[in-house]
Amino acid sequence: EAGVAQSPRYKIIEKRQSVAFWCNPISGHATLYWYQQILGQGPKLLIQFQNNGVVDDSQLPKDRFSAERLKGVDSTLKIQPAKLEDSAVYLCASSSTTLGAYNEQFFGPGTRLTVL
Amino acid sequence: KQEVTQIPAALSVPEGENLVLNCSFTDSAIYNLQWFRQDPGKGLTSLLLIQSSQREQTSGRLNASLDKSSGRSTLYIAASQPGDSATYLCAPSGTGGFKTIFGAGTRLFVKA
């Protein structure tokens, strides 16, 4: 079974530029998560989708971050414009859902973003 | 607001030791708790998932316990090996005011 795929693996941009990350979850997983992990910290949930609907985006900086999951499969996370403090690893995860409960989360390899 | 604390922040042990990693959380309204391992520069690997109705889960040399009422989970690693060196993260998930919250992790180094 293929795991969670993410691209690109690394990205370096100048501040005020825009960037987009892509995630393809495990086949059949209805729930998709985007996390931000700053060096030395645990991941922080940015947004959670159930199929193509948003379950939680309370920690997403909506003035600069946006995410979509068209057709309930792949997802993209965009930052526009980027700030220095956005330098982090962006992790995508997916899980299946049973009777409304979220199951085990599986993570992709992440995208390491450096903003100069 | 859910807060997750992992103690100790770092741990160095000789190979073969049994060890316990601790995770505490402030809001007991969780439906599961997951333990992960993260190797440097890599993504997270799921180790164990404990549902709120369970007390413990075992996988090989790993055993995780959950005491929801006291807001605690422990990860027990038996007969540690150098390959166990990594950062271990716990993450309770709930409904209502929070979803998944991660602790900062315990960085483990097992010396050969």
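What counts and how
- Residues numbered from 1 in each chain as written.
- Chains lettered and ligands numbered in written order.
- Predicted model: local features only at pLDDT ≥ 70, side-chain atom pairs only at ≥ 80, totals over all residues.
- Heavy atoms only, no water.
- Helix = DSSP H or I, 4+ residues; strand = E, 2+ residues; numbered from the N terminus.
- Rg over C-alpha atoms; globule rule 2.2 N^0.38 Å.
- Buried < 20%, exposed > 50% of the residue type's maximum accessible area, 1.4 Å probe, protein only.
- Contact = heavy atoms within 4.5 Å.
- Areas by Shrake-Rupley, 256 points an atom, 1.4 Å probe, with all protein chains shown as cover.
- Lys, Arg positive; Asp, Glu negative; His and termini not counted.
- Charge placed at Lys NZ, Arg CZ, Asp CG, Glu CD.
- Polar contact = N/O pair within 3.5 Å; in protein donor to acceptor, adjacent residues only side chain to side chain.

Participant: Can you help me understand the overall build of chain A in this one?
Facilitator: A tally of regular secondary structure across chain A gives zero helices and 13 strands. If you list the helices and strands of chain A from N to C, you get β-β-β-β-β-β-β-β-β-β-β-β-β. In terms of overall size, chain A behaves like a compact globule, its C-alpha atoms giving a radius of gyration of 14 Å where 116 residues would be expected to give roughly 13 Å. Dimensions of chain A, computed from C-alpha atoms along their principal axes, come out at roughly 45 × 25 × 25 Å. Looking at chain A residue by residue over its 116 residues, the buried ones come to 45%. The contacts in chain A between residues at least 6 apart in sequence include a share of 53% that link residues at least 24 apart. A total accessible area of about 5,800 Å² is found for chain A, and carbon and sulfur atoms account for 51% of it. For chain A, the distance from the average site of its 12 positive side-chain charges to the average site of its 10 negative ones is 6 Å.

Participant: What am I meant to see in the side chain of Ser93(B) here?
Facilitator: All names here are of chain B. Its location among the elements puts Ser-93 in strand 9 (residues 86-94). A relative accessible area of 3% means that Ser-93 is categorised as buried. A polar atom in the side chain of Ser-93 sits 2.7 Å from the side chain of Thr-100.

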